[in-house]
Amino acid sequence: MKRPPGALTLRRVTTFEDAADEASWVIQDAKAIHIDDSLNTFVFRAEIHRPGDSTPLDAVLKLDPTGERQEAFMNETRAYQTTGRPFQANVLPDFFGCFETRIGSTTVTCLAIEYCGDPMEQTYTKLIIHSCALSFFEISGPFLIAQFRYELIEYAALLHQHGMTHGDIYPQNILVSDGHPVLIDLESSEKHTCCLRMKIVPGTMMPWEEEFGCKELFDLISRMGLWKPSTCYISAFRRQILMLAFFRRPLFLR
């Protein structure tokens, strides 16, 4: 395969069991879409050219330039290739593989997944969507926004039923693909036996976490605002406010 000008070659580190080849893949036209200096992670959108295939893949590449995130990257790879494999192209994006590439004199580990869309904004309560999908949600109205939340909870519960947690379900790890959620970033995923003890019914009173049974699903549903605040939570909040008011120092003592 001829290497395009200005491209980088990817050498596959791990593959699916039914991978057809071990030849190098080529990435081209990479553009940075996210840089997290605190985690030493760089994310690019790029075209991937596979040997023997003239149609490039629209992909997202997550790079570990320092080598400090090898364990997290391998955990994410295992999650995609094992428990998460049946959910690719639906709940999860297609996972193309874990690769190594050379950038200058440095060998860099890289995860490649299908590009599925942009992430949600940093809030659950308003459920604001990035500009590329905003018009879609405006046209479709409140029902679709509610449906998006229901689907997100359904997808998380589905992963739990099949023995895995996501581990980090926050807006930056939820993509919007044609109005539907897609979960990404499985670095914190773990094997899981779900202890859910009740049905998830939107609009009902919020249960206690211990009564509900599953912390990840409880936290997600709470943040999505699909339960009504229960009397016990409201009472506890009122007690905290009263205590703050009671123990507040007078102005002349400040």
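Residues numbered from 1 in each chain as written. Predicted model: local features only at pLDDT ≥ 70, side-chain atom pairs only at ≥ 80, totals over all residues. Heavy atoms only, no water.

Engineer: Just to check I follow, could you spell out the overall build of the protein for this structure?
Structural biologist: Per the secondary structure count, the protein includes 6 helices and 11 strands. Across the 254 residues in the protein, those meeting the buried criterion constitute 40%. In the protein, the share of contacts with a sequence separation of at least 24, taken over all contacts with a separation of at least 6, comes to 54%. (Helix = DSSP H or I, 4+ residues; strand = E, 2+ residues; numbered from the N terminus. Buried < 20%, exposed > 50% of the residue type's maximum accessible area, 1.4 Å probe, protein only. Contact = heavy atoms within 4.5 Å.)

Engineer: So what exactly am I meant to see when it comes to the confidence of the model for the protein here?
Structural biologist: Low pLDDT means the predicted coordinates in that region are not meant to be read closely. Summary statistics for the protein give a mean pLDDT of 79 and a share of 74% for residues scoring 70 or more. A low-confidence stretch, residues 1-5 stays under pLDDT 50, and its non-local contacts, those more than four residues away or across chains, total 9 contacts. (pLDDT = per-residue confidence, 0-100.)

Engineer: In this structure, what is going on with unusual backbone geometry? I would like to understand it.
Structural biologist: Glycine aside, residues mostly have negative phi angles, and peptide bonds mostly take the trans form. One non-glycine residue, alanine 89, adopts positive backbone phi at about 70°. Of the residues examined, alanine 89 reaches a relative accessible area of 56% and is grouped as exposed.

Engineer: Sorry, what's going on with the side chain of histidine 160 here?
Structural biologist: Relative to the assigned elements, histidine 160 resides in helix 3 (residues 142-161). Only 2.6 Å separates the side chain of histidine 160 from the side chain of glutamate 216, close enough to count as a polar contact. (Polar contact = N/O pair within 3.5 Å; in protein donor to acceptor, adjacent residues only side chain to side chain.)

Engineer: Even after reading the chapter, I still don't get the environment of isoleucine 103, so can you show me in this structure?
Structural biologist: Summarising the element assignment, isoleucine 103 is placed in strand 5 (residues 95-103). Given the relative accessible area of 39%, isoleucine 103 is considered partly exposed. Here the alpha-carbon distance between isoleucine 103 and proline 65, two residues 38 residues apart in the chain, equals 8.8 Å.

Engineer: Explanation requested: the pattern of salt bridges in the structure shown.
Structural biologist: Oppositely charged side chains can pair when the atoms bearing their charge come close. Considering all chains together, one arrives at 7 salt bridges under this definition. A salt bridge links glutamate 187 to lysine 62; the shortest N-O distance between them is 2.9 Å. Of this pair, glutamate 187 sits in the loop between strand 10 (180-183) and strand 11 (190-191) while lysine 62 sits in strand 4 (residues 57-64), and the two are 125 residues apart along the sequence. Take glutamate 187 and lysine 62: they sit in the same class, and that class is buried. For lysine 215, the salt bridge identified is with aspartate 219, shortest N-O distance 3.1 Å. Linking lysine 215 with aspartate 219, this pair stays in helix 5 (residues 215-224), spanning 4 residues, or about one helical turn. Overall, aspartate 219 belongs to the partly exposed group, its relative accessible area being 22%. Where salt bridges share partners, they join Lys62, Arg69, Glu76, Asp185 and Glu187 into one cluster. (Salt bridge = Lys/Arg side-chain N within 4 Å of Asp/Glu carboxyl O.)

Engineer: Whenever I open this one, the packing of aromatic side chains confuses me. Can you help?
Structural biologist: Geometry of an aromatic ring pair is reported as the spacing of the ring centres plus the angle between the planes. Summed over the entire model, instances satisfying the criterion amount to 5 aromatic pairs. Taking 5.9 Å as the distance between ring centres and 55° as the angle between the ring planes, the aromatic pair formed by phenylalanine 212 and phenylalanine 218 counts as tilted. Its relative accessible area of 7% is what places phenylalanine 218 among the buried residues. Their ring planes at 45° and their centres at 5.4 Å tell us that phenylalanine 218 and tryptophan 227 sit as a pair that is tilted. The structure contains a cluster of three or more aromatic residues connected by ring pairs, namely Phe212, Phe218 and Trp227. When the ring centre of tyrosine 115 is taken as origin, the NZ or CZ atom of arginine 45, which lies over that ring, is 3.5 Å away. Its guanidinium or amino end placed over the ring of tyrosine 170, arginine 223 lies 4.3 Å from that ring's centre, counting from NZ or CZ. (Phe/Tyr/Trp six-rings, centres within 6.5 Å; stacked < 30°, edge-to-face > 60°. Lys NZ or Arg CZ within 6 Å of the ring centre and 35° of its normal.)

Engineer: It is not clear to me how the sheet that holds strand 10 should be interpreted in this structure. Could you clarify?
Structural biologist: Backbone-to-backbone hydrogen bonds join strands into a sheet, with any given pair of strands oriented parallel or antiparallel. An order of 7-9-10 is seen for the 3 strands of this open sheet, with the pairing classed as antiparallel. Looking at the sheet topology across the chains shown, the edges are occupied by strand 7 (118-119) and strand 10. Relative to strand 9 (residues 174-177), strand 7 runs antiparallel, the two being bridged by 2 bridges. Bridging from a neighbouring strand, proline 119 pairs with leucine 175 of strand 9. (Pairing = 2+ DSSP bridges.)

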